[in-house]
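Structural description and commentary
Listed below, chain by chain, are the residues.
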Amino acid sequence: MEIKLQKRVAKYLLPSISLLVLSAGIAVVSITISSVPEERTVLIAADNLPEGKALDPDDVVEVKLPLGKVANSYLNRFETGLVLLRSIGKGELLSLLNLTKDNDIRIPIRLNGLRPISKVIGVGDRVDIWATPQGTLTQSAPEPVAFDAIVTLIENDSSMTQSSTNLEIRISEDYLETLLTATDSNYQLSVILHETLVDIG
């Protein structure tokens, strides 16, 4: 009788354990599926975008990501008049905190044929522009013509005889006149990285 009882218990114990494991597996899968955030449509940067740039439709790409309610913190449709408060990397989500509709949009300007600039300077950096008079009999000290300009494009030209840099920047309207005067006159322009307290630290 004892042997038969053990067999009978073993006969029903294995199916019970299998059913319990299956139920637990279904519960885990259900909890996992229910915890996955809902896919939402958001916009990401199509390329590296510098601070101060006014967003164009070509600057963004629409994607769907499982962000759930967190998606409300990011741009989900293109709007005209938005300006970046900081530089954004390619593929990065566009946080609403980094966008503004302020009318204080910097003016884009291109500087061609500059002397090669420091390799430390890159797109998105802030720079100061200094001008040194050329062709005068007496040596003149360089003078600042634009502060806190944002670099949006750097092109390096090299030939057999010399190298030069073409630079596109965005500047405050306050410096437009002085910078244009320097570019239209006999001045040599120098581009200096604008150091902040963060850079110094």
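See above for the structure.
Residues numbered from 1 in each chain as written. Predicted model: local features only at pLDDT ≥ 70, side-chain atom pairs only at ≥ 80, totals over all residues. Heavy atoms only, no water.

**Quick look at the overall build of the protein chain**
Within the protein chain, the regular secondary structure consists of three helices and nine strands. Mapped in sequence order, the helices and strands of the protein chain form the string α-β-β-β-β-β-β-β-β-α-β-α. In the protein chain, of all internal contacts separated by at least 6 residues, the share reaching a separation of at least 24 is 61%. For the protein chain, the exposed area adds up to about 13800 Å²; of that, 56% sits on carbon and sulfur atoms. (Helix = DSSP H or I, 4+ residues; strand = E, 2+ residues; numbered from the N terminus. Contact = heavy atoms within 4.5 Å. Areas by Shrake-Rupley, 256 points an atom, 1.4 Å probe, with all protein chains shown as cover.)

**A few points about the nonpolar core**
Counting residues in hydrophobic clusters, the biggest one holds 19 residues, and the most contacted among them are I129, I169, L179, L189 and V191. Counting only elements with at least two residues in this core, the list comes to strand 5 (107-114), strand 6 (126-133), strand 7 (143-158), strand 8 (163-171), helix 2 (176-184) and strand 9 (187-193). When neighbours within four sequence positions are excluded, I169 is seen to be in contact with I107, P108, I109, L111, I129, A149, I150, V151, T152 and L179. Grouped together as the second largest cluster of nonpolar side chains are 11 residues, L75, L84, L94 and L99 included. (Core = buried A, V, L, I, M, F, W, Y, C linked by side-chain atoms within 4.5 Å. Buried < 20%, exposed > 50% of the residue type's maximum accessible area, 1.4 Å probe, protein only.)

**Examining the sheet that holds strand 9**
With respect to topology, five strands assemble into an open sheet ordered 5-8-7-6-9, the strand pairing being antiparallel. Edge positions in the sheet fall to strand 5 and strand 9, since each has one partner strand and no second. For this sheet, the mean inter-axis angle between neighbouring strands, taken without regard to orientation, is 40 degrees. Here strand 6 runs beside strand 9; their pairing, made up of seven bridges, is antiparallel. Counterpart to A131 in the pairing with strand 9 is L189. (Pairing = 2+ DSSP bridges. Axes fitted to C-alpha atoms, helices over the stretch in contact; angles between N-to-C directions.)

**Structural notes on the pattern of salt bridges**
The full count for this structure, using the stated rule, is eight salt bridges. In this structure, the salt-bridge partner of R110 is E168, at a minimum N-O distance of 2.7 Å. Of this pair, R110 sits in strand 5 while E168 sits in strand 8; the two residues are 58 residues apart in sequence, bridging distant segments of the chain. A relative accessible area of 35% places R110 in the partly exposed class. For E168, a relative accessible area of 27% translates into the label partly exposed. Across the pair R126 and D148 runs a salt bridge whose closest N-O atoms are separated by 2.7 Å. With R126 in strand 6 and D148 in strand 7, this residue pair connects regions lying 22 residues apart in the sequence. Judged by its relative accessible area of 22%, R126 is partly exposed. We classify D148 as partly exposed; its relative accessible area is 23%. (Salt bridge = Lys/Arg side-chain N within 4 Å of Asp/Glu carboxyl O.)

Everything listed here is a matter of geometry and, on its own, says nothing about what the molecule does.
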